[in-house]
Amino acid sequence: MSPSSSASASAAASGTGAALGAEAVAAFQGALSAEHAAVYGYGVVGARLPEDQRTDARTAYAAHQARRDAWQRLVSSTGATPSAAAAGYQLPFAVTDAAGAAKLAAHLETRLTTVYADLVTAVTGPQRTAAADALRESALRAKRWGAAPTAFPGLPDPDPATSPSGSPSGSPTGSPTGSAAPTPSPTTAP
């Protein structure tokens, strides 16, 4: 984990959370849920990579654990109950080998850029800096794992069919439809 990711996550989780509004708390809850999924996903990634390729996965896993813990502290400081991790997650595709593991890691990081772009718009002050740092770090990890670079990480690519005004058609919020991250699996009682 880089020193900057640890420092920004810690700064965001300091006692400044009590002043956050409901929209910001909800956005941090969303980021927390996404980090829970990333921690789970990196467990799968690490299990499918050969030993000589696991260093990046271990580093990312530790970074996501630190970010998750920081968001838990921040949400708790507002008086809200942090969202818990699901008992299990449905992966977006089967991961059976090292290539699939790298594809999953790129997928997780790309999904996180979307979550963090939304968080950047929902918060201000030091929390916005921490969210922007998380967005940047996820975009860099996505690229490292083989994701295609984008002009604006976390935002959907413009629709090739744009209106005469030059603005892309599609979602006005910039939020993609559907979830690209592992989704919680329904649990059943024995």
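Residues numbered from 1 in each chain as written. Predicted model: local features only at pLDDT ≥ 70, side-chain atom pairs only at ≥ 80, totals over all residues. Heavy atoms only, no water.

S.K.: Explain the pattern of salt bridges to me, please; I cannot follow it from the model alone.
M.R.: Summed over all chains, the structure comprises six salt bridges. Notably, a salt bridge pairs Arg-54 with Glu-51, separated by 2.9 Å at the nearest N-O pair. Classification of Arg-54 by relative accessible area gives partly exposed; the value is 23%. For Glu-51, a relative accessible area of 49% translates into the label partly exposed. A salt bridge links Glu-137 to Arg-67; the shortest N-O distance between them is 2.5 Å. Separated by 70 residues along the polypeptide, Glu-137 in helix H5 (residues 125-144) and Arg-67 in helix H3 (residues 54-77) bring together distant segments of the chain. The burial state of Glu-137 is the same as that of Arg-67; both residues are buried. Several salt bridges converge on common partners, so that one network encompasses Glu-51, Arg-54 and Arg-58. (Salt bridge = Lys/Arg side-chain N within 4 Å of Asp/Glu carboxyl O. Buried < 20%, exposed > 50% of the residue type's maximum accessible area, 1.4 Å probe, protein only. Helix = DSSP H or I, 4+ residues; strand = E, 2+ residues; numbered from the N terminus.)

S.K.: What should I look at first to understand the packing of aromatic side chains in this one?
M.R.: This model, assessed by the stated rule, comprises four aromatic pairs. Arranged with centres 5.1 Å apart and planes meeting at 45 degrees, the rings of Tyr-40 and Tyr-89 form a pair that is tilted. Taken together, the positions of Tyr-40 in helix H2 (residues 22-48) and Tyr-89 in strand S1 (residues 89-90) put the pair 49 residues apart, joining distant regions of the chain. Relative accessible area serves as the criterion here: at 33%, Tyr-40 is assigned to the partly exposed category. Residue classification places Tyr-89 among the buried residues on the basis of a relative accessible area of 9%. With a centroid separation of 6.3 Å and 50 degrees between ring planes, the pair formed by Tyr-42 and Trp-145 is classed as tilted. Of this pair, Tyr-42 sits in helix H2 while Trp-145 sits in the loop between H5 and strand S2 (183-184); the two residues are 103 residues apart in sequence, bridging distant segments of the chain. Among the aromatic residues, ring-to-ring pairing joins Phe-28, Trp-71 and Tyr-116 into one connected group. Against the face of Phe-93 rests Lys-103, its NZ or CZ located 4.5 Å from the ring centre. (Phe/Tyr/Trp six-rings, centres within 6.5 Å; stacked < 30°, edge-to-face > 60°. Lys NZ or Arg CZ within 6 Å of the ring centre and 35° of its normal.)

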